[in-house]
Structures are given as structure tokens and as C-alpha cells.
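Close look at the chain arrangement
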Amino acid sequence: MGVDGEGGGDEGIRRRGCSCSKDDFLPEESFKSLGNYVRALKETPFRLKDRILTRSHDSTELHEMKARSQHEMKKTLNWWDLMWFGIGAVIGAGIFVLTGLEARDHAGPAVVLSYVVSGVSAMLSVFCYTEFAVEIPVAGGSFAYLRVELGDFMAFIAAGNILLEYVIGGAAVARAWTSYFATLCNKQPEDFRIIAHSLPDAYGHLDPIAVVVTAVICILAILSTKGSSRLNYIASIIHVIVILFIIIAGFSKADTKNYANFAPNGARGIFKASAVLFFAYVGFDAVSTMAEETKNPARDIPIGLVGSMVITTVAYCLLAMALCLMQPYDQINIDAPFSVAFEAVGWKWAKYLVAAGALKGMTTVLLVGAVGQARYLTHIARAHMMPPWLAQVNGKTGTPVNATIVMLTATAIIAFFTKLDVLANLLSISTLFIFMLVAIALLVRRYYVSGVTTMHNRIKLIICLALILSSSIGTAAYWGLSGEDDWIGYCITVPIWVLGTVGLWFFVPHARAPKLWGVPLVPWLPSASIAINVFLLGSIDKASFERFGIWTGLLLLYYLLFGLHASYDTAKASEENDNDVVGWKKMEEGVVESESGVVKATNNGSANATAS
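One structure accompanies this document, and this report is about it. (Residues numbered from 1 in each chain as written. Predicted model: local features only at pLDDT ≥ 70, side-chain atom pairs only at ≥ 80, totals over all residues. Heavy atoms only, no water.)

In terms of helices and strands, the chain carries 24 helices and four strands. When contacts within the chain are restricted to residue pairs at least 6 apart in sequence, those whose partners lie at least 24 apart make up 83%. Just so you have it, the chain exposes about 22,600 Å², and 68% of that area is on carbon and sulfur atoms. (Helix = DSSP H or I, 4+ residues; strand = E, 2+ residues; numbered from the N terminus. Contact = heavy atoms within 4.5 Å. Areas by Shrake-Rupley, 256 points an atom, 1.4 Å probe, with all protein chains shown as cover.)

Next comes the structure, spelled out in C-alpha cells:
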């Protein structure tokens, strides 16, 4: 793919090198002068309407967006690399830290069922991601998929939460790394942390080791994607050996009496734990961002994504069972549960082996996360929703150096201050929200194509999606507000969900068939993914939602002041959107006249905004 394009808006981007001038960050017309910016702010309602109604195209994401990075990412990965990336990305702090926390505080030995529930939800999301990644193999992952199907504005809201997900996830793993390092050194985690009494307790346990580990990972992620793959491959093999040891040795020391009180807090405890333990499955979406560097996406991505998730889910369930069989759930150590459990059954030497294996696992999680989050940020910057300086790909290494450094700097800062339990809950909200949007986008992709879907079928699609979403939200709200034995509300919400899904199945014809690989049992699997993700959201604590609300508010403020105007200018300059249509079809191509510009259709349907 070359970098010489006709879009005038791209020329400035492609001429820039590695300088740090104003044009590297705010090159768009709206920021050329104070007067331009004031005019842009006055047009905010019109521009916002345009961006809400704008949908990108597969070809735009695959070609034009990639050209904005100056250099191509190198296609060096196959399904074997992706599978080990998936295992390395997922099996880490979640299983080695949160299992003990949730078993002791919420689920008891039934934590294995919590892993089953969150595993089913993750697997459904994997199917949705896989279809998109095969057909739109770009570094943007879910951001690119949502831009194509739900529009620019929803893609940006998701993008902000994607970035939050990766920063928080990396920070949580980095802090967990310190906990297991302390165990390996026969110390307590707090021995390696600095207690700042002037700060709130949730933010006053400063962790310098987490910062050092993050810095090392940053260097590795910058050097080479293939090199990162090899390192991940070797570390993951060692990690799998340690996991097999934990499972076999744990079952050999099993005491079935520890399962006597299987679910001390009932179903509510199981689902509350499941919502938090979803954190343990976070990471597979990073594999989808590597589609741009995959040799044969149609073959490699389904095998890599689905295969790694099946292996991970089975391993999680067996590990959770082994832990709770070795030690009573109320005696489990929340910082290093597996290491301390082996010490409790008389195998003190084994705790060092477990701690070393956990460290290797968390190192690969950090590495794969660093690779994935940088590629997300790169594609977001290609759309100019973030400064285009972040979209640059280094010609020598073939990696997005600027995006990697920025993301891991943010990760290190959060890891330095914030405790694990705060991070895990907030991460789960962001992740479940994004996965829900991707499932909705998959249904839109299958059932709605401009020029193919009739107005009548479009209305039926909207009604069915509204029924699925409203019933899922109703089920989650009823679960959160009702008592343990209440069930009447489910007799209303569940049939409505079934009605919405059946309506899609019987009454709305497919507008598009997958070209290479498709999600089976559409619309049932995507609809179930929406329902489960929303339900798990309803099990997360109020404080986490408040933090999520604050973050979303900050995102909107940034978008209205900068991101909206930058992406609007870029879209118009690069002729990204078709404007020979009106009314509902604007949802396909994104057309809204502003007060200061008129929209003119070109021969190929692309739009040019010219000053009046």
C-alpha cells in the first residue's frame, strides 16, 4: 500500500516526519487560527449531527486509514502466533489474583461457575470479533468495526473506553506482578510499596516496581512485533507447564470438605464474582488488533482467537477448582492465592514455582497488552480523533513507537497509585460495554446495508434491537434491585428478549453474508452476547459506575472541544463520506450541511465540503 494519495487532507500528514510541531498534533483547518476554532465551536451542533450519522466504509479502514501512518506494519504473524498471543494476553493477573479475591469475598468454591459464566460471555464476544477481524483486518480492532457499523460518534465513545480498558488492565497486571514478586522473595507485597498516608487508601500504596516492569515492557513492544511474538511464545510455554503443575498437584492435595459450603452467597455472589472475573478474559481483543500484521487473516484469526479462548476457559475452570479444593475459601490469600495455598498444604517449595510461573504469565499479558493498546491508539489517531502524531509507524521497526510510549506511560502512572480492586471493577465496566457494542454492530452488519435493506426492514431491525437492549437492561436492573427470591420481573423481561431475537430471525432478511468466516446462529449468539454483557454490568458496584460516568464525561468534553472538529475536517478533506443521499441514508454515508459550508456530491458519491 503506497502513501501517495489524492486526498488533500492526507498530504500534510504524510509529509511530516518525527518532528513535534503543532501540525503533528492539530493540523486540521479548524485549529489553524483562533478565528477558525471559534467558527468551528459555533458549528458544533451541526458537526456533531454529521459525526453521529456518519458511517465509515470497509475500504476506507483497509486502505486510506492505513496510509495515514506513513509506513506499513509488517505482516509477520500466523495462526500459531495469534493463538499464543491469545493465551499470553489472557492468562495472567485475573486468574492468579482475582480468583482468590472473589472466591473469598463473594462466590466461595462456586467461583468455578463464575468463570463459566464470564467464559461463555467472552466466547460469544470472540465470535463477533472474529467475523469483523477477518473482513476488516486493521489495527483498529473494535474501534474500526464500530466506525463502520455504528458511526463515528459511537466509535469514539467506545475508543475512549478501549483506551481506559488497556491502561487499567495493564496497571492491574503490573501491580499484581509486584505481589507475586514479593512471594518469590518470601516477602509481603507491601514491603515493596511506599505507603503515602496523605493520599486515600485506594490510591496511597505506591508501587515503583510496577513502573519499572512497565518501562521494560515498553522497550520490548517497540523493538519488534515478531520479536514480541517469539518472547511471548517461549514465556507462554513455560507458563502452561506451571499451570498444568498447579492443576495436577492441586487435585492431588484436594480435600472435598472444602466444597461443603459450595455457594455461600448464592447465585448473587456467583454473578457478582463473574462480573469482576470477566477481567480475567480481557486481552483477547488485543489479538484482533494484530489482524493488520497477519499473513492470512481468513484462516489465522478464527483459529488463533477461538482456539486460545477455548484453552483459556478450560484452564481457568480447572485452576479455580484446584484452589478451592486445596484450601477453605475463607482462608484464601487475596494477594497470592495459589502460592499461599500450596504452603498451607505443606508444599512450601511449590509456592516459589507457582510465583515464578505467575510472573511469567503476567509478563506476557503486559507485553501483548502493550502491543494491542498501541495499535488501537494508532488507528484512533488515523481518524484524527486523537493527534495524528500518535498514528506514525516507525519505518525501521514497523511498530507504532509514539502510541506505545504514550499508552505505557499512562499505564505506569495508574499502576503507581491505584489498588487492584479499584482497577478490576472499572476495567470490567469498560470491557463489557465495548463487547456489547460490538455484538450490536455485528447484528447491524448482517441486517442493514444501504441500498439493500428497505425502509420497512430497517424499521423492523430498529424495533428488534430496541427490544433486545431494553429487555437486557430491564433484566440487569431487576437483578440489581430485587431480592434473592424475586422472579416475577424475569417473566416479563426474558420473553421480551426472546421476542426481539425471534423477530430478527423470522421477519428481517439478511442484507449481507460474511465473505470468509461468519458467526454461527445469527441472530441468537450476538443477541445472547448483548444480554449477558448487560446482565454482568448490572452486578458491578455503584462506585465503579460513578468512575465510569466521570471518565465518559471527560471523553465527551474532549470530543466536543477537539476530537469532533479534527475528525470532521479530516473526513471532509479526504472525501471519506458519500453525500448524494438524504434522510435515513445519511446513516450510511454521513451527510449534514453545516451553516458555513455546502455539501457537493461528486461522481463517485464522495463529499466535498467547500466554504460558502
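Under the criterion given, the structure shown has 31 aromatic pairs. Here Tyr 129 and Phe 435 contribute two aromatic rings whose centre-to-centre distance is 5.5 Å and whose plane-to-plane angle is 80°, an arrangement assigned as edge-to-face. Of the two residues, Tyr 129 is situated in helix 8 (residues 111-135) and Phe 435 in helix 19 (residues 420-447); the sequence distance between them amounts to 306 residues. Pair check on accessibility: Tyr 129 and Phe 435 agree, each one buried. Ring geometry for Phe 245 versus Trp 349: centroids 5.9 Å apart, planes at 50°, classification tilted. Here Phe 245, found in helix 12 (residues 225-252), pairs with Trp 349, found in helix 17 (residues 348-382); they are 104 residues apart in sequence, far enough to count as distant. The exposure class of Trp 349 is exposed, given its relative accessible area of 53%. Among the aromatic side chains, those forming a connected cluster through ring pairs are Phe 31, Tyr 37, Phe 153, Phe 156, Tyr 558, Tyr 559 and Phe 562. Just above the ring of Trp 479 sits the side chain of Arg 268; from NZ or CZ to the centre is 4.3 Å. (Phe/Tyr/Trp six-rings, centres within 6.5 Å; stacked < 30°, edge-to-face > 60°. Buried < 20%, exposed > 50% of the residue type's maximum accessible area, 1.4 Å probe, protein only. Lys NZ or Arg CZ within 6 Å of the ring centre and 35° of its normal.)

Attention now moves to the pattern of salt bridges. Within this structure, the stated rule accounts for 14 salt bridges. The salt bridge involving Asp 50 is made with Arg 51; its shortest N-O contact spans 2.8 Å. Residue classification places Asp 50 among the buried positions, given a relative accessible area of 0%. With a relative accessible area of 0%, Arg 51 lands in the buried category. (Salt bridge = Lys/Arg side-chain N within 4 Å of Asp/Glu carboxyl O.)

The step from Val 522 to Pro 523 runs through a cis peptide bond, and the omega angle for that step is 15°. Along the chain, Pro 523 turns up in the loop between helix 21 (490-507) and helix 22 (524-537). One non-glycine residue with positive phi stands out, namely Asn 186, at about 60°. In this fold, Asn 186 is placed in the loop between helix 10 (152-184) and strand 1 (194-195). Its identity is not glycine, yet Leu 521 carries a phi of approximately 55°, on the positive side. As for its position among the elements, Leu 521 is in the loop between helix 21 and helix 22.

Right, let's get into a nonpolar patch on the surface. Judged by side-chain polarity, Trp 79, Trp 80, Tyr 233, Ile 234, Ile 237, Ile 238, Ile 241 and Ile 303 come together as a nonpolar surface patch covering roughly 670 Å² of accessible area. Take the nonpolar patch: its biggest share by element is five residues, from helix 12. By secondary structure assignment, the location of Trp 80 is in helix 6 (residues 79-90). For Trp 80, a relative accessible area of 36% puts it in the partly exposed group. (Patch = residues over 30% accessible without salt bridge, like charges linked within 9 Å, V, L, I, M, F, W, Y side chains within 5 Å.)

The subject of this paragraph is helix 9 (residues 142-149). When you tally the buried positions in helix 9, you get eight out of eight residues, the bulk of the element. Among all positions in helix 9, only Ser 142, Phe 143, Ala 144, Tyr 145, Leu 146, Arg 147, Val 148 and Glu 149 are buried. With its phi angle positive at about 100°, Gly 151 sits one or two positions after the end of helix 9.

As a further point, take the environment of Ala 263. Among the structural elements, Ala 263 can be located in the loop between helix 12 and helix 13 (266-277). Residues Ala 263 and Ala 107, spaced 156 residues apart in sequence, show a C-alpha to C-alpha distance of 5.9 Å. Not counting residues within four places of it along the chain, the set of residues in contact with Ala 263 comprises Ala 107, Ala 110 and Ile 270.

Relative to the 51 Å expected for 35 residues at 1.5 Å per residue, helix 17 spans 52 Å between its end C-alpha atoms, a close match to the ideal helical length. Downstream of helix 17 by a residue or two, His 384 has a phi angle that is positive, lying close to 65°. (Expected span 1.5 Å × (residues − 1).)

In this fold, Ile 270 is placed in helix 13. For the pair Ile 270 and His 106, spaced 164 residues apart in sequence, the C-alpha separation works out to 6.8 Å. Leave out the neighbours within four places in its chain, and Ile 270 touches Ala 107, Ala 110, Leu 113, Ser 114 and Ala 263.

Mapped onto the elements, Thr 214 comes out in helix 11 (residues 208-223). The class of Thr 214 is buried, set by a relative accessible area of 2%. Within the local environment of Thr 214, its side chain forms a polar contact with the backbone oxygen of Ala 210, the two atoms lying 2.7 Å apart. Once residues lying within four places of it in the same chain are set aside, the contact partners of Thr 214 are Ala 174, Leu 408, Thr 411 and Ala 412. (Polar contact = N/O pair within 3.5 Å; in protein donor to acceptor, adjacent residues only side chain to side chain.)

Moving on to the nonpolar core. Tyr 115, Tyr 180, Phe 284 and Phe 338 are the most contacted members of the largest nonpolar core, which totals 159 residues. The leading source of residues in this core is helix 17, at 17 residues. (Core = buried A, V, L, I, M, F, W, Y, C linked by side-chain atoms within 4.5 Å.)

Between helix 3 (residues 34-42) and helix 4 (residues 44-53), the least distance of the axes is 5 Å, while the angle of their chain directions is 65°. As far as their axial angle goes, helix 4 and helix 3 are roughly perpendicular. Contacts between helix 3 and helix 4 involve Ala 40, Leu 41 and Lys 42 on the former and, on the latter, Thr 44, Pro 45 and Arg 47. Along the lines of polarity and charge, the residues of the contact of helix 3 with helix 4 split into three nonpolar, one polar and two charged. (Axes fitted to C-alpha atoms, helices over the stretch in contact; angles between N-to-C directions. Parallel < 35°, antiparallel > 145°, perpendicular 65-115°, else oblique. Nonpolar A, V, L, I, M, F, W, Y, C, P; charged D, E, K, R; others polar.)

The subject of this paragraph is the packing of helix 11 against helix 18 (residues 401-417). Close contact between helix 11 and helix 18 brings their axes to 9 Å; oriented N to C, the two are set at 170°. Taken together, the axes of helix 11 and helix 18 lie roughly antiparallel to each other. Crossing hand, helix 11 versus helix 18: right-handed. Residues Pro 208, Ala 210, Val 211, Thr 214, Ile 217, Cys 218, Ala 221 and Ile 222 of helix 11 lie in contact with helix 18, whose contacting residues are Val 401, Thr 404, Ile 405, Leu 408, Thr 411, Ala 412, Ala 415 and Phe 416. Here the contact of helix 11 with helix 18 is built from residues that sort into 13 nonpolar, three polar and no charged. (Left-handed = near helix turned anticlockwise from the far one by under 90°.)

Let us now look at the environment of Ile 91. The topology assignment puts Ile 91 in the loop between helix 6 and helix 7 (93-107). Using a relative accessible area of 3% as the deciding quantity, one classes Ile 91 as buried. Taking C-alpha positions, Ile 91 is 8.8 Å from Ala 315, a pair spaced 224 residues apart along the chain.

In short, shape yes, function no, at least from these values alone.
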